[in-house]
Amino acid sequence: MANERRANVPVVTQFVRQVIGCDCPDEVFQRVEVRSGSTAVKCCPADYELRIGGRLLVVVTSEPVEALSGARLARVILEGKRARDRGKFNRFRLVVQTRNVAQDRDALLRSFEDVPGKDEKTHVHVVARSEVPDFFSDT
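Residues numbered from 1 in each chain as written. Predicted model: local features only at pLDDT ≥ 70, side-chain atom pairs only at ≥ 80, totals over all residues. Heavy atoms only, no water.

Peer 1: What is the right way to look at the environment of R17 in this model?
Peer 2: Within the secondary structure, R17 is located in helix 1 (residues 9-19). Given a relative accessible area of 31%, R17 falls into the partly exposed group. Spatially, the C-alpha atoms of R17 and R75 are 27 Å apart, while their sequence positions differ by 58 residues. Contact partners of R17, with chain neighbours within four places excluded, come to C22, C24, P25, D26 and F29. A polar side-chain atom of R17 sits 2.8 Å from the main-chain carbonyl oxygen of C24. (Helix = DSSP H or I, 4+ residues; strand = E, 2+ residues; numbered from the N terminus. Buried < 20%, exposed > 50% of the residue type's maximum accessible area, 1.4 Å probe, protein only. Contact = heavy atoms within 4.5 Å. Polar contact = N/O pair within 3.5 Å; in protein donor to acceptor, adjacent residues only side chain to side chain.)

Peer 1: Teacher, can you tell me more about the packing of helix 2 (residues 70-86) against helix 3 (residues 101-113) here?
Peer 2: To characterise two packed helices, one gives the angle between the axes of the helices and the distance between these axes. Closest axis-to-axis distance for the helix 2/helix 3 pair is 9 Å, and the angle between their directions is 75 degrees. In terms of orientation, helix 2 lies roughly perpendicular with respect to helix 3. Of helix 3, the residues touching helix 2 (which contributes G70, L73 and I77) are L108, S111 and F112. Residue composition of the contact of helix 2 with helix 3, grouped by class: four nonpolar, two polar and no charged. (Axes fitted to C-alpha atoms, helices over the stretch in contact; angles between N-to-C directions. Parallel < 35°, antiparallel > 145°, perpendicular 65-115°, else oblique. Nonpolar A, V, L, I, M, F, W, Y, C, P; charged D, E, K, R; others polar.)

Peer 1: Before we go on, may I ask you to explain the pattern of salt bridges in this structure?
Peer 2: Between side chains of opposite charge, a pair can form as their charged atoms come close. By the definition in use, this model includes five salt bridges. Here R17 makes a salt bridge to D26, at a shortest N to O gap of 2.7 Å. Assessed through its relative accessible area of 57%, D26 is described here as exposed. (Salt bridge = Lys/Arg side-chain N within 4 Å of Asp/Glu carboxyl O.)

Peer 1: How should the nonpolar core be read in this particular structure?
Peer 2: As a rule of thumb, nonpolar side chains are buried together in soluble globular proteins. Among the nonpolar cores identified, the biggest contains 24 residues, and V41, V59, L73, I77, F92, L94 and L108 are the most heavily contacted of them. Ranked by residues supplied to this core, first place goes to helix 2 with five residues. Those residues within four positions of L94 in sequence are excluded, and the remaining contacts are V59, T61, L73, V76, I77, H123, V124 and H125. With 22 residues, the next largest nonpolar core counts A7, V16, V132 and F135 among its residues. (Core = buried A, V, L, I, M, F, W, Y, C linked by side-chain atoms within 4.5 Å.)

Peer 1: Explain helix 2 here, please?
Peer 2: An α-helical turn contains 3.6 residues, so any two residues separated by three or four positions project in the same direction. For helix 2, spanning 17 residues, the distance from its first C-alpha to its last is 24 Å, which sits close to the expected 24 Å at 1.5 Å a residue. Turning to helix 2, its buried residues number three or more, namely R72, L73, A74, V76, I77, G80, K81, A83 and R84. Packed against the buried residues of helix 2 are strand 3 (56-61), strand 4 (91-98), helix 3 and strand 5 (122-128). Where helix 2 ends, the next residue or the one after it, K88, has phi of about 60 degrees, a positive value. (Expected span 1.5 Å × (residues − 1).)

Peer 1: What should I look at first to understand the packing of aromatic side chains in this one?
Peer 2: Aromatic rings considered in pairs are described by the distance between their centres and by the relative angle of their planes. With the rule as written, the count across this model stands at three aromatic pairs. Look at F15 and F135: their rings are 5.1 Å apart centre to centre, the planes differ by 75 degrees, and that puts the pair in the edge-to-face class. Taken together, the residues span a long stretch of sequence, with F15 in helix 1 and F135 in the segment after strand 5 at a distance of 120 residues. Under the relative-accessibility criterion, F135 is labelled buried at 0%. Ring geometry for Y48 versus F135: centroids 4.8 Å apart, planes at 90 degrees, classification edge-to-face. With Y48 in strand 2 (residues 48-52) and F135 in the segment after strand 5, this residue pair connects regions lying 87 residues apart in the sequence. Each member of the aromatic cluster is reached from another via a ring pair, and the members are F15, Y48, F135 and F136. (Phe/Tyr/Trp six-rings, centres within 6.5 Å; stacked < 30°, edge-to-face > 60°.)

Structural data, given as C-alpha cells:
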C-alpha cells in the first residue's frame, strides 16, 4: 500500500477481535496492512484502512453519523463492497468512531437497514473514539 507504515499487529488483532467482534483465526493476522486514509472508500474521509490476511477489509472513519445517512451511506457501502470484491476479501466492515456511541449506533444501524445492495458480508460498527487505537508501531 502506498503510504504503508509498520502496523502494530497485536493492536490490530485486539481491535478486530475485541472491539468490532470478528473471530478471525490467528493465521489471518500473519499479514496485516494498515494505512492512513483509504483506497477502498473515497466518498467519505477515512482515518484508517486495515487489510487483514486477504480476508477482511476494514475502513475506520470519524465522519459524523449525520453525514453518513441515506444515500451517502449507501455510496460508502457500495464502494467498500466493490473494493472487497475486487480485492477478493471475505468481508467489508465500516467502523465509525464517535463520541455518542449509543445514539449514533441506533441512527446508523437504522440507516444501514435501508441500504440497497448490502449483503451478509458488509457490516457497520459504531465505536467510541477511545476504542480506536493508533494502529502503527513506534518507528
